[in-house]
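# Chain and residue survey
Next come the chains, spelled out residue by residue.
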Amino acid sequence: MTIDSMPGSSGYLDAYPGRRISYFSNGYVLRLTVVAGIGGLLFGYDTGVISGALLYIKDEFEVVSQSSFLQETIVSMALVGAMIGAAAGGWINDAYGRKKATLLADVVFTIGAIVMAAAPDPYVLIAGRLLVGLGVGVASVTAPVYIAEASPSEIRGGLVSTNVLMITGGQFLSYLVNLAFTEVPGTWRWMLGVSGVPSIIQFSLMLFLPESPRWLYMKDNKSQAISVLSKIYDPDRLEDEIDQLAAASEEERQRKNAVSYLDVFKSKEMRLALLAGAGLQAFQQFTGINTVMYYSPTIVQMAGFRSNQLALLLSLIVAAMNAMGTIVGIYLIDYVGRRKLALSSLSGVLVSLVILSGSFFMGSSGSGSGLYGWLAVLGLALYIGFFSPGMGPVPWAVNSEIYPQAYRGICGGMSATVNWISNLIVAQSFLSIATSIGTGPTFLILAGVTVLAFVFVVVFVPETKGLTFEEVEQLLKERARGSSQERGLLENQDDDDEP
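All residue numbers refer to position in the chain's written sequence, counted from 1. Confidence filtering applies because this is a predicted model: local features only for residues at pLDDT of at least 70, side-chain atom pairs given and counted only at 80 or more, and all residues used for totals across whole chains, interfaces and linings. Only hydrogens and water are set aside when side-chain values are computed; all heavy atoms of the structure are taken into account.

Secondary structure elements follow DSSP: runs of H or I of four or more residues count as helices, runs of E of two or more count as strands, with numbering from the N terminus. A count of helical and extended segments in the protein gives 23 helices and zero strands. Per-residue burial over the protein gives 58% buried out of 499 residues. The long-range share in the protein, meaning contacts at least 24 apart out of those at least 6 apart in sequence, stands at 83%. Where accessible areas are quoted, they stem from the Shrake-Rupley method and a 1.4 Å probe; at the residue level, only the protein chains shown are allowed to cover. Total accessible area on the protein stands at roughly 19900 Å², and carbon and sulfur atoms take up 66% of it. Exposed residues in this analysis have more than 50% of their type's maximum accessible area, buried residues have under 20%, and partly exposed residues fall in between, with area computed by a 1.4 Å probe over protein chains only. Only heavy atoms enter the contact rule, under which two residues are in contact if any of them lie within 4.5 Å.

In structure tokens, the structure reads:
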């Protein structure tokens, strides 16, 4: 079977246009995506809610208000948990399946939410934050893989990006919850405790959903796998998909049964895949998304607005922009492709960071009257507008599809761990660097990192738009061999994209 004749590839779907599936045409796939995406909602809510809750935690616990170390620990302990959860989550996914990994994440997250809400002292609260982080870490690996493995290849990018929409939606929800509970007794306990509600909902719904069909097939539960696939594809395409899956299963069977972390580094093909996936995750954080979000109130103050209520409103607006940008990304990622979307996103991010850097330089020198403040607001809006459709969803989409079946959980967990470690490094170092050399130069450093990210995508990230998992695996093998066939495949894809 040639590339163009494989189910899901552009040549195959051009020959059989009636077999093409659109984003909203299959309610079953959409239902799987939304339920799995609740894990993304937990991810986004937890990262957003702590900033508001910390203000009230300091009011209740005097020891916290007097210790910046305790404040940092309360915030960062969830990141530590997420790193551990992501690293372990890859193995859990491969050994026990995507469904059980999701259920486990929900249980751990719910226990963590209860512990936080009932914490009698900051140290128990920190333990709760660690548990919540563990749940978020496992979910951050599981949700994209589960969605990708149940998705038709022509809409896989958009469906995986729906999980990113749930992350940004969770951040928006956290700001609304922060606002809603400001006058309620036990404010921070409600803010943190209510996070257990989505995890309970996901656990309940997940009980009625199937395991990933690809995982089932690879574990020799073929009848169950075919039953799930029959709800996704029409009979004609179903037969082709099963043939493709059978061939991939046979190839996996010829390998060692158990794949270890060390095996990832023994194969050039896997090293290239992990480099592309983990590199994207690292650059997602090192191009400064969380620092720009953090500095948004300061940027508005530079424009001459000093109200705390306005700062809260800005948080809502920025979160809403982030979510809306992700919706744009859901459409574009399967239309223009992962590489082009990432490169255009990074180009806009670079311009935005230069504008932000320049506005802070002017602000520190006192020149430009109030103009520099409005320039900073423009830089902020452009940054969110360019980052959210591209570098927001692309790393997660690529990581959900670039690894072979036997390595998908392990490598996805390793890449997600890189994301969380990078997140922690940026969070712990940005303020220190900005204090030492100034905010303008710091944003200029982020602009330099963005240039490196652009070069990285050009050199190391292959285009996977519209390709089946088997085609992606073949593409990586050709890159590992230094074959010129990859160039021909990409050129064929570009030709297919042209009207």
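Still more ground to cover, so stick around.
Counting residues in hydrophobic clusters, the biggest one holds 82 residues, and the most contacted among them are Val264, Leu353, Tyr383, Ile402 and Phe443. Counting residues per element, this core draws most heavily on helix α17 (residues 338-365), which supplies eight residues. Once you skip the residues sitting within four places of it in the chain, Tyr383 turns out to touch Thr287, Gly288, Ile289, Val292, Val349, Ser352 and Leu353. Nonpolar cores were defined as sets of buried Ala, Val, Leu, Ile, Met, Phe, Trp, Tyr and Cys residues, with membership established by side-chain atoms within 4.5 Å. Judged by nonpolar contacts, the second largest core, of 36 residues, contains Met116, Ile126, Val141 and Ile167.

Taken over all residues, the pLDDT of the protein has a mean of 85, while the share at 70 or more is 86%. Known as pLDDT, the predictor's per-residue confidence is scaled from 0 to 100. Ignoring residues within four places in sequence, the model shows residues 1-5, a span with pLDDT below 50, making 10 contacts including any to other chains.

On to the packing of aromatic side chains. Two aromatic rings, drawn from Phe, Tyr or Trp (for Trp, its six-membered ring), form a pair once their centres lie within 6.5 Å of each other, and the interplanar angle then sorts them: stacked below 30 degrees, edge-to-face above 60, tilted otherwise. In the structure shown here, the tally under the stated rule is nine aromatic pairs. Between Phe43 and Trp396, the aromatic rings sit 6.2 Å apart at their centres with planes inclined by 85°, giving edge-to-face as the arrangement. Here Phe43 is found in helix α2 (residues 27-60), whereas its partner Trp396 is found in helix α19 (residues 394-401), with 353 residues between them in sequence. What makes Phe43 buried here is its relative accessible area of 10%. A centroid spacing of 5.7 Å and a plane angle of 10° characterise the contact between Tyr383 and Phe387, whose relative ring orientation is stacked. Residue Tyr383 and its partner Phe387 are both found in helix α18 (residues 371-387); the two are separated by four residues, about one turn of the helix. Each member of the pair, Tyr383 as well as Phe387, is classed as buried.

Excluding glycine, residues mostly carry a negative phi; peptide bonds, for their part, are mostly trans. Of note in the backbone geometry, Asp220 takes a positive phi value of approximately 70° without being a glycine. For Asp220, the position within the fold is in the loop between α10 (213-218) and α11 (222-229). Overall, the relative accessible area of 49% leaves Asp220 in the partly exposed class.

Let us look at helix α5 (residues 98-118). End to end, α5 covers 31 Å across 21 residues, agreeing with the expected 30 Å (1.5 Å per residue, within 8%). Within α5, burial applies to Arg98, Lys99, Ala101, Thr102, Leu103, Ala105, Asp106, Phe109, Thr110, Gly112, Ala113 and Met116. The span you would expect from a helix comes to 1.5 Å times its residue count less one.

With that out of the way, let us pick up the pattern of salt bridges. One side-chain nitrogen of Lys or Arg within 4 Å of one carboxyl oxygen of Asp or Glu is enough to make a salt bridge. For the structure shown, the criterion picks out 11 salt bridges. Among the ionic pairs, Arg98 bridges to Glu149, the shortest N-O distance being 2.8 Å. A residue pair is termed long-range when its members are at least 10 positions apart, and Arg98 in helix α5 and Glu149 in helix α6 (residues 122-149) qualify at 51 residues. In terms of burial, Arg98 and Glu149 fall into one category: buried. Here Arg338 and Asp334 are joined by a salt bridge, their closest N and O atoms 2.9 Å apart. Taken individually, Arg338 and Asp334 each receive the classification buried, so the pair is uniform in this respect. Connected through salt bridges with shared partners, the residues Asp94, Arg98, Glu149 and Arg408 form a single ionic network.

Note that Val34 resides in helix α2. In the structure, Val34 is positioned 128 residues away from Thr162 in sequence and 7.6 Å away in space, judged by C-alpha atoms.

Below, the discussion takes up the packing of helix α14 (residues 268-286) against helix α21 (residues 439-460). Geometry is summarised by axes, namely lines fitted to C-alpha atoms with helices restricted to the contacting stretch, and by angles between N-to-C directions that run from 0 to 180 degrees. One way to put it is that α14 packs onto α21 with a least axis distance of 10 Å and a crossing angle of 160°. One finds that α14 runs roughly antiparallel with respect to α21. Two packed elements cross with a definite hand, and for α14 against α21 that hand is left-handed. Counted together, Leu275, Ala276, Gly279, Leu280, Phe283 and Phe286 of α14 and Leu446, Val449, Leu452, Ala453, Phe456, Val457 and Phe460 of α21 form the full contact between these two elements. For the contact of α14 with α21, the class distribution of residues is 12 nonpolar, one polar and no charged. An angle below 35 degrees is treated as roughly parallel, one above 145 as roughly antiparallel, one from 65 to 115 as roughly perpendicular, and anything else as oblique. Two helices that cross are described as forming a left-handed crossing if the nearer one is turned anticlockwise from the farther one by less than a right angle, and a right-handed crossing if clockwise. Following the grouping adopted for this structure description, the nonpolar residues are Ala, Val, Leu, Ile, Met, Phe, Trp, Tyr, Cys and Pro, the charged ones are Asp, Glu, Lys and Arg, and the polar ones are all others, Gly among them.

What follows covers the environment of Ala36. Its place among the elements puts Ala36 in helix α2. For Ala36, a relative accessible area of 5% puts it in the buried group. Note: C-alpha distance between Ala36 and Met166 (130 residues apart in sequence) is 9.8 Å. Setting aside anything within four residues of it in sequence, one finds Ala36 in contact with Ala143, Tyr146, Ile147, Asn163 and Gln202.

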